[in-house]
Structures are given as C-alpha cells and as structure tokens.
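# A structural walkthrough
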Amino acid sequence: MRTRIISGAVLTVLLVGAVAGGGITMFILTVIHTVLLLLIKEKPEASEREPIGLMLKNSLTDKKLFALIPLFVLWNVATYATPPFLGTYQLNDLGMSMTAVTVVAAVGSIVRACVSTPMGRLADKRSFISSLNLCFIIMIFAHIANMFAGVAFYTTYAILHAAAMAGINSGIVNLVYDFVPRNRRTSALAVKNTVVGFAGFLTTLAVSPLVGYVQKNGNKFFFLENVYAQQILSAFAVVIIIICIVYLNLVVKPAKPSRDEENADPQ
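Now for a quick tour of the structure. Because the structure is predicted, anything quoted here is derived from the model rather than measured.

Turning next to the packing of aromatic side chains. With the rule as written, the count across this model stands at five aromatic pairs. With a centroid separation of 6.3 Å and an interplanar angle of 65°, the aromatic rings of Tyr89 and Tyr154 are classed as edge-to-face. With Tyr89 in helix α4 (residues 86-93) and Tyr154 in helix α7 (residues 151-179), this residue pair connects regions lying 65 residues apart in the sequence. A relative accessible area of 7% means that Tyr154 is categorised as buried. A centroid spacing of 5.6 Å and a plane angle of 40° characterise the contact between Tyr154 and Tyr157, whose relative ring orientation is tilted. Note that Tyr154 and Tyr157 are positioned in helix α7 at a spacing of three residues, about one turn of the helix.

So, about the environment of Asp93. With respect to the element layout, Asp93 can be found in helix α4. Sequence spacing of Asp93 and Gly150 is 57 residues, and the spatial spacing of their C-alpha atoms is 9.1 Å. In this view, Asp93 contacts Thr88, Tyr228 and Gln230; residues no more than four positions away in its chain are not counted.

In terms of nonpolar packing, the biggest core is built from 52 residues, with Trp75, Phe136, Tyr154, Ile168 and Leu175 touching the most fellow members. Among the elements of the structure, α3 (63-81), α4, α5 (98-125), α6 (128-146), α7, α8 (185-216) and α9 (229-255) are those that each provide at least two residues to this core. In terms of nonpolar packing, the next biggest core, distinct from the first, is built from eight residues, Phe85, Val214, Val227 and Ile232 among them.

A cluster of nonpolar side chains, contributed by Ile24, Phe27, Ile28, Leu29, Val31, Ile32, Val35, Leu36 and Leu39, occupies part of the molecular surface with about 880 Å² of accessible area. Position of Leu36 among the secondary structure elements: in helix α1 (residues 2-39).

If you trace the backbone, Ile242 turns up in helix α9. Relative accessible area serves as the criterion here: at 41%, Ile242 is assigned to the partly exposed category. Along the sequence, Ile242 and Met139 sit 103 residues apart, while their C-alpha atoms lie 9.9 Å from each other.

Cut-offs applied
- In this convention, every chain numbers its residues from 1, walking through the sequence in written order.
- Note on the predicted model: pLDDT of at least 70 is required for a residue's local features to be given, and 80 or more for side-chain atom pairs to be given and counted; whole-chain, interface and lining totals, by contrast, use all residues.
- Computation of side-chain values: all heavy atoms of the structure, hydrogens and water removed.
- Aromatic rings from Phe, Tyr and Trp, taking only the six-membered ring of Trp, are treated as a pair when their centres fall within 6.5 Å; an angle between ring planes under 30 degrees marks them as stacked, one over 60 as edge-to-face, and anything in between as tilted.
- The way it works is that DSSP assigns letters per residue, a run of H or I at least four long becomes a helix, a run of E at least two long becomes a strand, and they are numbered from the N terminus.
- Classification of residues uses two cut-offs on accessible area relative to the type maximum, computed with a 1.4 Å probe and protein chains only: under 20% is buried, over 50% is exposed, and between them is partly exposed.
- Between two residues, a contact is recorded if the distance between any of their heavy atoms is within 4.5 Å.
- Grouping buried Ala, Val, Leu, Ile, Met, Phe, Trp, Tyr and Cys residues that are joined through side-chain atoms within 4.5 Å yields what is termed a nonpolar core.
- Patches draw on residues past 30% relative accessible area with no salt bridge. Two like charges within 9 Å are joined, as are two nonpolar side chains (Val, Leu, Ile, Met, Phe, Trp, Tyr) within 5 Å.
- Areas reported as accessible are Shrake-Rupley estimates using a 1.4 Å probe. Residue values count occlusion only from the protein chains shown.
- Salt bridge, as used here, is a side-chain nitrogen of Lys or Arg placed within 4 Å of a carboxyl oxygen of Asp or Glu.

If you want it as structure tokens, here you go:
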C-alpha cells in the first residue's frame with residue numbers, strides 16, 4: 001500500500017511538472033511570436049484597399065471563388081463526420097489506454113511534421129491542385145484502414161491522416177490565393193471560413209444520431225453486425241472524398257486562373 005501511495009505521488013508530481021513545463025514553454029513561445037510580429041514592417045500596398053463592405057460584396061459575387069466553395073464544403077463534410085467521435089472510439093470500443101492514445105497522437109504529429117516540407121515542395125513544383133489530389137488519395141486509404149476495427153488499423157489511420165493533413169490544410173487555403181485577386185483575399189477567406197464552418201458543424205450534428213443509434217442497437221447497422229459507428233462514418237468519408245477528387249479535377253482545375261489573372265487587382 002505504501003509503495004502504491006509513493007508511486008501515485010511521484011506520478012502526480014510528474015504530471016504537474018509536465019503541465020507546468022508545457023504552460024511555461026507555450027508562454028515563452030507566445031512572447032517570442034508576439035515580439036517578432038511587432039518587429040515586422042509591412043510593405044506599402046501598390047493600390048488602395050477596397051472598403052470592407054465592397055470587398056465582401058465582390059467576394060460574394062465572385063464566380064471563381066464560388067467554384068471552390070462546393071469543394072470546401074464537401075471536404076468539411078468528410079472531415080467533420082468521423083474525427084469528432086474518435087476519442088470515445090479509442091477508449092471505449094478499442095480499449096486503448098490513455099498512454100496508447102497519447103503515443104499514437106505523438107506519432108501522428110511527428111509524421112505530419114516530417115511530411116509537411118516535401119508536400120510543400122511538391123505543391124511549389126507542380127501545383128496545390130496536384131498536392132491536394134495526392135493528399136486526398138492518402139486520406140481515402142486512411143479512412144479505409146479505419147473501416148476495420150483494431151488498434152493496428154486505427155494507428156494506420158492516424159498516421160495516414162496526419163500525412164494527408166500535412167498538405168490538405170495549406171492546399172485548401174492556397175486555392176483561395178490562386179483564384180482570388182490580392183485585394184479580395186481577406187474577405188474571400190472570411191466567406192470561405194464562414195460557409196465551411198457551418199457545413200462542418202451541421203455535419204457533426206447530422207451524424208450524431210447515427211452514432212447513437214448504432215451504439216444503442218448493440219453495434220448493429222441494418223444487415224451489418226459487430227460494426228462500430230466510426231467504421232460506417234469512415235466509409236461515408238471515403239465516398240465524399242472521392243467526390244472531392246472528381247470535383248477538384250473536373251471543375252476547379254479547368255477554372256484555375258492564369259498567373260496574370262491571379263495577381264490582378266481589378267478596379
């Protein structure tokens with residue numbers, strides 16, 4: 001008993017130290033980041049900015065931007081369908097310990113950090129459309145892995161998901177930069193984030209009853225038995241991501257502006 005008490009006290013001290021160390025590190029990095037931002041001097045704009053109201057009006061009527069919106073919405077539908085429910089899946093369904101969950105998350109972070117640079121080089125050399133195609137395919141394989149139950153399959157999903165996200169986030173944002181003139185990019189990003197934010201939120205709300213139904217029904221879904229809701233959601237995500245790839249190549253790619261059009265500032 002005494003040994004357990006000592007072990008518990010040591011573990012508590014280590015956890016408190018880890019949290020405190022993380023907090024101090026984040027504070028120091030925040031201060032450094034803030035100082036560096038304050039030292040930056042912006043280059044003067046060649047032309048005057050449009051008023052905010054006019055920027056929003058132009059963005060809302062920008063046909064090229066709205067060619068991108070369905071892609072962004074589809075992607076958010078896919079990405080907000082499964083991940084919000086994976087926490088309980090790891091702990092309750094797969095029986096993973098908190099240590100295992102932390103290790104898998106750490107491995108995913110390392111993979112994402114390692115893949116980010118080569119994925120950025122691919123986008124610079126070819127295009128962000130090319131990098132998005134590759135990352136969407138990787139994400140499909142990630143969700144296919146998650147369609148099978150087991151810690152090994154989930155770990156595979158987490159690694160592939162991290163690798164895909166290394167290119168998807170930057171690719172989505174840079175598509176806006178490719179399609180929208182410089183003086184409208186701020187409002188275009190605002191419009192994009194608002195629309196896809198609602199899409200993601202509504203997707204999570206929409207699939208929540210499905211998750212509850214499968215769990216209350218003893219992990220049964222129609223003719224499928226011993227199936228977890230997260231596996232079904234991953235299958236759904238695969239279909240949506242395939243649609244994303246089709247839309248990206250058949251609609252977005254042909255509509256991509258030339259380099260002169262990208263940098264033009266319409267009067």
